[in-house]
Amino acid sequence: MKAYINLLIILLLSFTLTSCELIGDIFKTGVWTGVILVVGVIAIVIWLIAKAFGGGSR
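Computed from a predicted model, the values in this text were never measured in an experiment.

The next subject is the overall build of the protein. The helix and strand tally for the protein stands at two helices and zero strands. Within the protein, buried positions represent 0% of all 58 residues. Working note: accessible area of the protein is about 5,600 Å², and carbon and sulfur atoms make up 78% of it.

The structure is reproduced here in structure tokens:
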């Protein structure tokens with residue numbers, strides 16, 4: 001009986017979840033979030049270095 005329940009759960013999940021699409025969307029979102037964060041951090045570091053060395057103090 002337990003094997004039947006496990007098989008039923010696996011079949012139900014395989015029909016209801018489109019895991020490949022879900023994993024693909026998660027990775028796409030993750031990549032773009034990472035790119036935006038890296039660009040933001042680099043911009044802040046450049047701005048801080050410019051402020052530290054007197055950039056823009058005319």
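And the narrative resumes.
Attention shifts here to the UniProt feature "transmembrane region" (unreviewed entry) in the protein. Mapped onto the present numbering, the UniProt feature "transmembrane region" (unreviewed entry) falls at residues 30–50. Here residues 30–50 runs as 100% helix and 0% strand, with 30 Å between its end C-alpha atoms.

The subject of this paragraph is a nonpolar patch on the surface. There is a patch of nonpolar side chains on the surface, built from M1, Y4, I5, L8 and I9 and spanning about 580 Å² of accessible area. With respect to the helices, strands and loops of the structure, L8 is situated in helix 1 (residues 2–16). For L8, a relative accessible area of 49% puts it in the partly exposed group.

Calculation rules
Residues numbered from 1 in each chain as written. Predicted model: local features only at pLDDT ≥ 70, side-chain atom pairs only at ≥ 80, totals over all residues. Heavy atoms only, no water. Helix = DSSP H or I, 4+ residues; strand = E, 2+ residues; numbered from the N terminus. Buried < 20%, exposed > 50% of the residue type's maximum accessible area, 1.4 Å probe, protein only. Areas by Shrake-Rupley, 256 points an atom, 1.4 Å probe, with all protein chains shown as cover. UniProt positions renumbered as here; feature names shortened; annotations may be inferred. Patch = residues over 30% accessible without salt bridge, like charges linked within 9 Å, V, L, I, M, F, W, Y side chains within 5 Å. Salt bridge = Lys/Arg side-chain N within 4 Å of Asp/Glu carboxyl O.

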